[in-house]
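# Chains, contacts and geometry: an overview
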Amino acid sequence: MDPIIIDDPEEFLPGAGFDFEDVTDVFRDAAAVMEAGSFIFMDDLTLYDAMGAFEIGEPRLDSGLISENQTTSLFDPNAPLLPQELCWIIDRAFAYEMAWHNGNPLSHSVFTLLYIHALAGIDPEFVDSHALTSFGPSRPPELVYYVLRSWVMGLLKCCDLSWRELSKGCVQELEDWQGEKCDVSLLEGTSVNFVVSKLKQAMTILQLMQVDVFSNPSDYQSLIDSAREQLRLIRSHPSPQPEVSSSALHAFDPSIARLLKTNVPLRVLSISPPEETWKAIDNLLNGWQEACLLAQAHSLSTWEVRTFVMLVSWAPQFSDYKVVGNLRVWLPNPPLRIPYLRSYLQVGSQLSFKVNINVLFSLPFMTAS
């Protein structure tokens, strides 16, 4: 291209010296033959280029944007609660916890419980005396400062133990599970024994995550039985929906990710009904039950058969059959195991196989030349 001689200051404007041609009609004609929702990409298009197409203030990416139809939460951690309101908060938090186990980020699930971010404000050792004036006989302060606070600590510690199991590498982060903590503490530096001392109700679940099933399956089984009994009681006494004026309705903020350090775009989750949550927890207990049964199997062939005893417990009509192979595929609707259980069983099976392989190669027919 020949050099451009610029004599007039106006020619410093963009495009000065070039003879541009309007090609708007070319793009319009090409777009007219495209199907709705289709795209055409350049060969060197990057994710950075694609993200640059969104405008500032785009709700799908600007997590700090609050639209006109959204309102900020009126949450008060020191607000008195009725017992049934406390049960409703706990039940709903269980649903969010299972949503995290199903692959959703913590910022969209567990961390929407605002009491997690206000633990210091409901510490009974430092509670403001003026905050106690709003409590009464039907709404005692112990429900908030002891029962609820201890339960939130148990929830966080369960998530911490699950996070540690999931981060062992047996399942893929960002594919099977989301590990971003958003600088929110999961009580990593707090021991399980301390949390258990604060929370008797959640002791069973915490101990199930702490106890090594492959070293002590009998204790593990007793914890599973206790958890099943507690789940049965919860199912038989569902918590009622709080009234419109109840402060319990402000205990969750589905858009809390706007205030957290996260790289994940904001997405409000649709929480499943309570019965679906209890089914998910029941499947979690079934997975622990399977781990307990496998921990008591001492032969490689039994690990290959794997779920025969579980199949018999789900479908007793198969108890008279000698089944060989992976019996999980025989079930009409086999339950999907959450990433935590898949990782837990893989780690346990690796340890068990190492022991069995050492025994196997010590046999005479394996060492004979």
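Note that the structure is predicted; figures quoted are calculated from it, not measured.

Reading the values: the criteria
- Throughout, a residue's number is its position along its own chain's written sequence, starting from 1.
- With pLDDT at 70 or above as the cut-off, local features in this predicted model cover only qualifying residues; side-chain atom pairs require 80 or more to be listed or tallied, and sums for whole chains, interfaces and linings still use all residues.
- Water and hydrogen atoms play no part in the side-chain values, which are based on all heavy atoms of the structure.
- A run of H or I in DSSP counts as a helix once it spans at least four residues, and a run of E counts as a strand once it spans at least two, with each numbered from the N terminus.
- The buried label goes to any residue with under 20% of its type's maximum accessible area, the exposed label to any with over 50%, and the partly exposed label to all in between, with areas taken from a 1.4 Å probe on protein chains only.
- Contacts: residue pairs with any heavy atoms within 4.5 Å of one another.
- Values of accessible area rely on a 1.4 Å probe in the Shrake-Rupley scheme; residue burial ignores everything except the protein chains shown.
- For helices, the fitted axis covers only the stretch in contact; all axes are lines through C-alpha atoms, and the angles between them, taken along N-to-C directions, range from 0 to 180 degrees.
- Relative orientations are named as follows: roughly parallel for angles under 35 degrees, roughly antiparallel for angles over 145 degrees, roughly perpendicular for angles from 65 to 115 degrees, and oblique for any other angle.
- Crossings are classed by handedness, with left-handed meaning an anticlockwise turn of the near helix from the far one by less than a right angle and right-handed meaning a clockwise turn.
- Three residue categories are used. Nonpolar comprises Ala, Val, Leu, Ile, Met, Phe, Trp, Tyr, Cys and Pro, charged comprises Asp, Glu, Lys and Arg, and polar comprises the others, including Gly.
- Each residue after the first adds 1.5 Å to the expected span of a helix.
- The patch calculation keeps residues exceeding 30% relative accessible area without a salt bridge and links them within 9 Å when they carry like charges or within 5 Å when they are nonpolar (Val, Leu, Ile, Met, Phe, Trp, Tyr).
- Counted as salt bridges are all cases of a side-chain nitrogen of Lys or Arg within 4 Å of a carboxyl oxygen of Asp or Glu.
- Pairs were defined over the aromatic rings of Phe, Tyr and Trp, the Trp ring being its six-membered one, requiring ring centres within 6.5 Å. Orientation was assigned from the angle between planes: stacked under 30 degrees, edge-to-face over 60, tilted for the rest.

Okay, the overall build of the protein chain next. Along the protein chain, the regular secondary structure elements total twelve helices and zero strands. The order of helices and strands in the protein chain, counted from the N terminus, is α-α-α-α-α-α-α-α-α-α-α-α. Every one of the 369 residues in the protein chain was classed for burial, and the buried ones make up 39%. Taking the intrachain contacts of the protein chain between residues at least 6 apart in sequence as the baseline, contacts between residues at least 24 apart amount to 73%. Summed over all atoms, the accessible surface of the protein chain reaches about 22,600 Å², with 57% contributed by carbon and sulfur.

What follows deals with the packing of helix α7 (residues 217–236) against helix α8 (residues 274–295). Between α7 and α8, the shortest axis-to-axis distance is 10 Å and the interhelical angle comes to 165 degrees. It follows that α7 is roughly antiparallel to α8 by the angle criterion. Seen along the crossing, α7 lies across α8 with a hand that is left-handed. Contacts between α7 and α8 involve Pro 217, Tyr 220, Gln 221, Ile 224, Ala 227, Arg 228, Leu 231, Ile 234 and Arg 235 from the former and Glu 275, Trp 278, Lys 279, Ile 281, Asp 282, Leu 285, Asn 286, Trp 288, Gln 289, Cys 292 and Ala 295 from the latter. Along the lines of polarity and charge, the residues of the contact of α7 with α8 split into twelve nonpolar, three polar and five charged.

The contact between helix α3 (residues 83–101) and helix α4 (residues 142–166) brings their axes to 12 Å, and the two run at 10 degrees. In terms of orientation, α3 and α4 fall into the roughly parallel class. Facing α3, whose interface residues are Pro 83, Leu 86, Ile 89, Ile 90, Ala 93, Phe 94, Glu 97, Trp 100 and His 101, α4 presents Leu 143, Val 147, Leu 148, Trp 151, Leu 155, Cys 158, Cys 159, Ser 162, Trp 163 and Leu 166. The residue inventory of the contact of α3 with α4, partitioned by class, reads 16 nonpolar, two polar and one charged.

Here we take up the environment of Gly 179. Along the chain, Gly 179 turns up in the loop between α4 and α5 (192–198). For Gly 179, a relative accessible area of 6% corresponds to the buried category. Each C-alpha atom of the pair Gly 179 and Trp 100 lies 9.5 Å from the other, and the pair is 79 residues apart in sequence. Contact partners of Gly 179, with chain neighbours within four places excluded, come to Trp 163 and Glu 173.

Our next topic: the environment of Pro 339. Relative to the assigned elements, Pro 339 resides in helix α11 (residues 339–361). Note on Pro 339: relative accessible area 7%, which makes it buried. For the pair Pro 339 and Gly 103, spaced 236 residues apart in sequence, the C-alpha separation works out to 8.2 Å. The residues touching Pro 339, leaving out its near neighbours within four places in the chain, are His 101, Leu 166, Val 171, Asp 176 and Trp 177.

Turning to α3, a few remarks are in order. In a regular helix each residue adds 1.5 Å, so 19 residues correspond to 27 Å; α3 covers 27 Å between its end C-alpha atoms and thus fits that length. Taking burial as the measure, the 19 residues of α3 include 15 buried ones, the bulk of the element. Just beyond α3, the residue with positive phi is Gly 103, at close to 110 degrees.

What follows is about a nonpolar patch on the surface. On the surface, Phe 39, Phe 41, Met 42 and Leu 45 cluster together into a nonpolar patch covering about 480 Å² of accessible area. Topologically, Phe 39 is positioned in the loop between α1 (24–32) and α2 (47–51).

Moving on to the packing of aromatic side chains. Under the defined criterion, the tally for this structure stands at nine aromatic pairs. A ring pair is formed by Phe 94 and Trp 151, whose centres lie 5.5 Å apart and whose planes are at 85 degrees; its orientation type is edge-to-face. Taken together, the positions of Phe 94 in helix α3 and Trp 151 in helix α4 put the pair 57 residues apart, joining distant regions of the chain. Assessed through its relative accessible area of 8%, Trp 151 is described here as buried. Ring geometry for Trp 288 versus Tyr 340: centroids 6.2 Å apart, planes at 85 degrees, classification edge-to-face. In this pair, Trp 288 sits in helix α8 while Tyr 340 sits in helix α11, placing the two residues 52 residues apart along the sequence. Comparing Trp 288 with Tyr 340, the two get one shared label, buried. Put simply, the rings of Trp 88, Tyr 96 and Phe 252 touch in pairs and so form one group of aromatic residues.

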